[in-house]
Amino acid sequence: MNNKSLVRLSNIIGIISIILLVYWVFVFISITVFGLKVFRENITETFYLSVVGILALMFGSLIINVMFNLTRIAEKHNQDDLNVSKRASKRLGLIFLLSFPLVFGLLFGGDYLTSRKKEKMLIASAKSIIEKNKEKSDKLLNYTFNESWIIEADDILDLYSKTDKHFPYVSLIVPDSIDKSQVLLGFRDYYGKLNDTIQPTKKDFIQQTTKEERDYLNNVFYKNLDNVRFSASDGRYELFYPYIKDGKRIILYFSDNQRYGKIGS
């Protein structure tokens, strides 16, 4: 391999390394800023390792100036012809710029597909858990605010959360009233014991919600809505699953935090 070929090869490697690093930075910023979940668990680590490879190639950037000088020297001594026209260069530059919206669109598409897949999986798992534990689910329907029911509900919810790995957290939401005001109560992780001297109070169980969540919950409890509600944001997946039987209504709240799939997870 002569000097001309070596110079050309080194330039190609340097340019490819720079382009790959630019794309990686763009992907990193897009995923981090918008909280996109695109990669599978193992691929996330693989993506990190790929950066090491790119940086290894970029080590040659320290001698980029030398490479260009060698190119000029090689062209001078070998009387190289520049075959790349200005028109071709502009065309390649335009393609390079247009590739960024395409990559961004692919990232958002991957995040959307991940969310839809997660939604279907959570709904199927929630339905399976309830149907296979109908007796326990019916006990949850018979809501009465007393310590005995709260302790039993907590045991049932703990069983649900341990049944399916997709639901590390399961809670129960029911409608109630405090001083004639309608409230939403959420039950999970009750640490009291039966016949404690300090009895539970409804204010301690008020479910904190956003306006959109309250509108949905009130429509389920007071306007006969029976649709599930799924939301996904920055790796947090939430599912509100109504359980309706004999005119009684409760909502099981399932959630999952996906710690992988984006940079920094």
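Some thoughts on the confidence of the model for the protein chain
- Model confidence for the protein chain is summarised by a mean pLDDT of 76, while 66% of its residues fall at 70 or above.
- Here helix α3 (residues 64–78) stands out as the element of the protein chain with the lowest mean pLDDT, 55, in contrast to helix α7 (residues 211–222), whose mean of 93 is the highest.
- Here residues 78–82 scores under 50 on pLDDT; set against residues more than four positions off or in separate chains, the count is 6 contacts.

Quick notes on a nonpolar patch on the surface
- Together, I12, I16 and L20 give the surface a local cluster of nonpolar side chains, amounting to about 250 Å² of exposed area.
- Looking at the element boundaries, L20 is found in helix α1 (residues 3–34).
- Accessibility expressed as a relative area gives 38% for L20, which makes it partly exposed.

Overview of the environment of N218
- Tracing the chain through its elements places N218 in helix α7.
- Taking relative accessible area as the criterion, N218 reaches 29% and is therefore assigned partly exposed.
- Along the chain, N218 and P175 lie 43 residues apart, while their C-alpha atoms are 8.3 Å from each other.
- Ignoring any residue separated from it by four or fewer positions in sequence, one finds N218 in contact with L184 and K223.

Observations regarding the packing of helix α5 (residues 134–141) against helix α6 (residues 147–163)
- Following both chains from N to C, one finds α5 and α6 inclined at 140 degrees, their axes separated by 10 Å at the closest point. Taken as axis vectors, α5 and α6 run oblique relative to one another. Of the two elements, α5 crosses α6, and the hand of that crossing is left-handed. Seen from α5, the contacting residues are K136, S137, K139 and L140; seen from α6, they are W149, E152, A153, I156, L157, L159 and Y160.
- Class assignment for the residues of the contact of α5 with α6 results in 7 nonpolar, 1 polar and 3 charged.

Side note on the packing of aromatic side chains
- The tally for this structure, following the rule as stated, stands at 11 aromatic pairs.
- Through successive ring pairs, a cluster of aromatic residues spans Y143, F145, W149, F187, Y190 and F205.
- R188 extends its terminal NZ or CZ atom over the ring of Y169, reaching a point 6.0 Å from the ring centre.

Remarks on the nonpolar core
- Counting residues in hydrophobic clusters, the biggest one holds 30 residues, and the most contacted among them are L140, Y160, L172, F187 and L252.
- Of the residues forming this core, the biggest block, 6 residues, is contributed by α6.
- Residue contacts for L172: discarding those within four places in its chain leaves L140, W149, L157, L185, G186, F187, I250, I251 and L252.
- Judged by nonpolar contacts, the second largest core, of 9 residues, contains I173, L184, L217 and F221.

With respect to α5
- Buried within α5 we find S137, L140 and L141. One side of α5 holds all its buried residues, which, seen down the axis, span an arc of 105 degrees.

So, the side chain of N133
- Tracing the backbone through its elements, the reader meets N133 in the loop between α4 (86–132) and α5.
- Apart from residues lying up to four places away in sequence, N133 is in contact with L159 and Y160.

Looking at the sheet that holds strand β5 (residues 248–257)
- The 5 strands lie next to each other as β2-β1-β5-β4-β3, forming an open sheet whose pairing is antiparallel. Strands with a single pairing partner mark the edges of an open sheet, and in this sheet they are β2 (181–187) and β3 (229–233). Adjacent strand axes in the sheet meet at a mean angle of 20 degrees when their direction is disregarded.
- Across 7 bridges, the pairing between strand β1 (residues 169–178) and β2 is antiparallel. Within β2, the residue paired with S177 across the bridge is Q182.
- Contacts from α6 reach β1, β2 and β5, with the element oriented near 150 degrees to β1.

Definitions and cut-offs
Residues numbered from 1 in each chain as written. Predicted model: local features only at pLDDT ≥ 70, side-chain atom pairs only at ≥ 80, totals over all residues. Heavy atoms only, no water. pLDDT = per-residue confidence, 0-100. Helix = DSSP H or I, 4+ residues; strand = E, 2+ residues; numbered from the N terminus. Contact = heavy atoms within 4.5 Å. Patch = residues over 30% accessible without salt bridge, like charges linked within 9 Å, V, L, I, M, F, W, Y side chains within 5 Å. Areas by Shrake-Rupley, 256 points an atom, 1.4 Å probe, with all protein chains shown as cover. Salt bridge = Lys/Arg side-chain N within 4 Å of Asp/Glu carboxyl O. Buried < 20%, exposed > 50% of the residue type's maximum accessible area, 1.4 Å probe, protein only. Axes fitted to C-alpha atoms, helices over the stretch in contact; angles between N-to-C directions. Parallel < 35°, antiparallel > 145°, perpendicular 65-115°, else oblique. Left-handed = near helix turned anticlockwise from the far one by under 90°. Nonpolar A, V, L, I, M, F, W, Y, C, P; charged D, E, K, R; others polar. Phe/Tyr/Trp six-rings, centres within 6.5 Å; stacked < 30°, edge-to-face > 60°. Lys NZ or Arg CZ within 6 Å of the ring centre and 35° of its normal. Core = buried A, V, L, I, M, F, W, Y, C linked by side-chain atoms within 4.5 Å. Arc of directions from axis to C-beta. Pairing = 2+ DSSP bridges.

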